[in-house]
Amino acid sequence: MAYSSEISRTQPACILLLIDQSGSMDDPFGGQGGTRKKAEGVADVTNRLLQNLVVRCAREEGIRDYFHLGVLGYGEKVAPSFSGALAGRGLVPISEVGHAPARLEERTREREDGMGGLVREKVRFPIWVEPHAHGPTPMCEVLLRARELVTAWRREHPESFPPIVVNISDGEPTDGDPTEAAAALRSVQGADGAVLLLNVHLSSNPAVPIQFPDSETNLPDAHARRLFALSSPLTQGMLAAARDEGHAVREGARGFVFNADILSLIKFLNIGTRPSNLR
């Protein structure tokens, strides 16, 4: 059965994030978290996802390379978005990611004090990706660049779990219809199945997010229907993860959220990047 390869150091998985960095990403989120700029929120969520993946791969002897990770930004240009020592790199083994954040930022968080109260404490938060918001939305170009990266990676890891590509954007592409580019990306095939393309549409309006639809029937416009068509169906492991998060998803549900706010973006990434077969 496809999408069942065990993820290990000899057969790592690949996660590639495509982040819209166009000028409109300077606008605030709609819905919950609505005062925060989308570019800042997405960078924050991306850094937290990378940190969580590093923690998942940490063992006593160090960080095991269960994943290769990449972030492509697209706006004024299409380019890798890692900062610091990883700048310019495409797909990077997670041990290198874990050891090379661009900087550590001091933040404050609350935790339970064990007596029914909360205590505030300062923590060091690693930053790999900085927020950017300038230029158009070259979605076709970034999908084609993603195809180049995952094709080269797949050639080196033909038996591994298929690459997961997550496209996060707040608007329509400015360089044409992305249907053909997305189909080319999803056609990259390996022994365990084809590339998975997931799409998150970010909202500037306080609209209710539409999460993991299995039909385009209730989607509000042509752009939403097109993103639905571009998105891969959820794997069995992703369906189980979505149900664990309380989503009533059915077979055929797509890896797609429309009108996402910051909370639904976080949940989507947790579900979409959680293969169930990590050794």
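Residues numbered from 1 in each chain as written. Predicted model: local features only at pLDDT ≥ 70, side-chain atom pairs only at ≥ 80, totals over all residues. Heavy atoms only, no water.

Once that is clear, we can look at the pattern of salt bridges. For the coordinates displayed, the defined rule picks out 13 salt bridges. The shortest N-O distance in the salt bridge between aspartate 26 and lysine 37 comes to 3.3 Å. In this pair, aspartate 26 sits in the loop between strand 1 (13-20) and helix 1 (38-56) while lysine 37 sits in the loop between strand 1 and helix 1, placing the two residues 11 residues apart along the sequence. For aspartate 26, a relative accessible area of 39% puts it in the partly exposed group. (Salt bridge = Lys/Arg side-chain N within 4 Å of Asp/Glu carboxyl O. Helix = DSSP H or I, 4+ residues; strand = E, 2+ residues; numbered from the N terminus. Buried < 20%, exposed > 50% of the residue type's maximum accessible area, 1.4 Å probe, protein only.)

Summarising burial for strand 1: 8 of the 8 residues are buried, a large majority. Burial along strand 1 is two-sided: Ala13, Ile15, Leu17 and Ile19 and Cys14, Leu16, Leu18 and Asp20, pointing in opposite directions, are all buried. Sheet topology note: the strand 1/strand 9 (residues 164-169) ladder contains 5 bridges and is parallel. In the strand pairing of strand 9, leucine 16 is matched with valine 165. (Pairing = 2+ DSSP bridges.)

A few words now on unusual backbone geometry. The phi angle at phenylalanine 212 is positive, at roughly 50°, despite the residue not being glycine. Tracing the backbone shows phenylalanine 212 in the loop between strand 13 (210-211) and helix 5 (222-230). Phenylalanine 212 sits in the buried class, given a relative accessible area of 4%. For asparagine 259, which is not a glycine, the phi torsion comes out positive at approximately 65°. Summarising the element assignment, asparagine 259 is placed in strand 14 (residues 256-260).

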